[in-house]
Amino acid sequence: QVQLVESGGGLVQPGGSLRLSCAASGSAFRSYAKGWFRQAPGKEREFVAAITWSDGSTYYADSVKGRFTISRDNAKDTVSLQMNVLKPEDTAVYYCAAGPRIITTLPHDMDIDYWGKGTLVTVSS
């Protein structure tokens, strides 16, 4: 069993930065692919970024590529999302996720076994 807890959300002005973190309990987390999804008001949940457990290969949605960076720390069982040059359209609840597979063809996605409860990111002046 894996439990995921996100932190780091909040209110930021357009053009600003935030760093989200996800802490995991459960040793199985290390062998899972890890990712971030988001859900904006009135929209479906969407893939944001993912990272493999083995070699750290990363995958991004086109909407965040070049602005967001996903990273992991296997020793600490954490995964982070550095978000730069934030835009109002990035406003959403961001969810940490873990699962057995990343869909590496476009559009990227993941098979998910575990979800966090989410953290709200609001980009507004």
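Structure: see above.
A brief look at the structure comes next. (Residues numbered from 1 in each chain as written. Predicted model: local features only at pLDDT ≥ 70, side-chain atom pairs only at ≥ 80, totals over all residues. Heavy atoms only, no water.)

Here we come to the sheet that holds strand β8 (residues 78–83). Strands belonging to one sheet form pairs held by backbone hydrogen bonds; the direction of such a pair is parallel or antiparallel. Pairing is antiparallel in the open sheet, where 4 strands are placed in the order β1-β3-β8-β7. Looking at which strands have only one partner, the edges of the open sheet turn out to be β1 (3–7) and β7 (68–73). Sheet twist, expressed as the average angle between the axes of neighbouring strands with direction ignored, equals 15°. Here 6 bridges tie strand β3 (residues 18–25) to β8, and the two strands are oriented antiparallel to one another. Bridge assignment links Arg 19 to a residue of β8, and that residue is Gln 82. (Pairing = 2+ DSSP bridges. Helix = DSSP H or I, 4+ residues; strand = E, 2+ residues; numbered from the N terminus. Axes fitted to C-alpha atoms, helices over the stretch in contact; angles between N-to-C directions.)

Among the secondary structure elements, Thr 91 is positioned in the loop between β8 and β9 (92–99). A distance of 2.9 Å separates a polar side-chain atom of Thr 91 from the backbone oxygen of Pro 88. Within the structure, the side chain of Thr 91 is placed 2.9 Å from the backbone nitrogen of Val 123, a separation counted as a polar contact. (Polar contact = N/O pair within 3.5 Å; in protein donor to acceptor, adjacent residues only side chain to side chain.)

The subject of this paragraph is the packing of aromatic side chains. In this structure the tally under the stated criterion is 4 aromatic pairs. Judged by centre distance (5.0 Å) and plane angle (70°), the rings of Phe 37 and Trp 115 are edge-to-face. Of this pair, Phe 37 sits in strand β4 (residues 33–39) while Trp 115 is found in strand β12 (residues 114–115), placing the two residues 78 residues apart along the sequence. The exposure class of Trp 115 is partly exposed, given its relative accessible area of 38%. Taken together, a centroid distance of 6.4 Å and an interplanar angle of 85° make the contact between Tyr 95 and Trp 115 edge-to-face. (Phe/Tyr/Trp six-rings, centres within 6.5 Å; stacked < 30°, edge-to-face > 60°. Buried < 20%, exposed > 50% of the residue type's maximum accessible area, 1.4 Å probe, protein only.)

With that out of the way, let us pick up the side chain of Glu 6. By secondary structure assignment, the location of Glu 6 is in strand β1. We note that Glu 6 is buried and unpaired, the nearest opposite charge coming from Arg 45 at a distance of 7.7 Å. Of note is the side chain of Glu 6, whose polar atom sits 2.8 Å from the backbone nitrogen of Cys 96. Among the polar contacts listed, one links the side chain of Glu 6 to the backbone nitrogen of Lys 117, at a separation of 3.2 Å. What Glu 6 contacts, discounting residues up to four positions off in sequence, is Ser 21, Cys 22, Trp 36, Tyr 94, Tyr 95, Cys 96, Gly 116, Lys 117, Gly 118 and Thr 119. (Lys, Arg positive; Asp, Glu negative; His and termini not counted. Salt bridge = Lys/Arg side-chain N within 4 Å of Asp/Glu carboxyl O. Contact = heavy atoms within 4.5 Å.)

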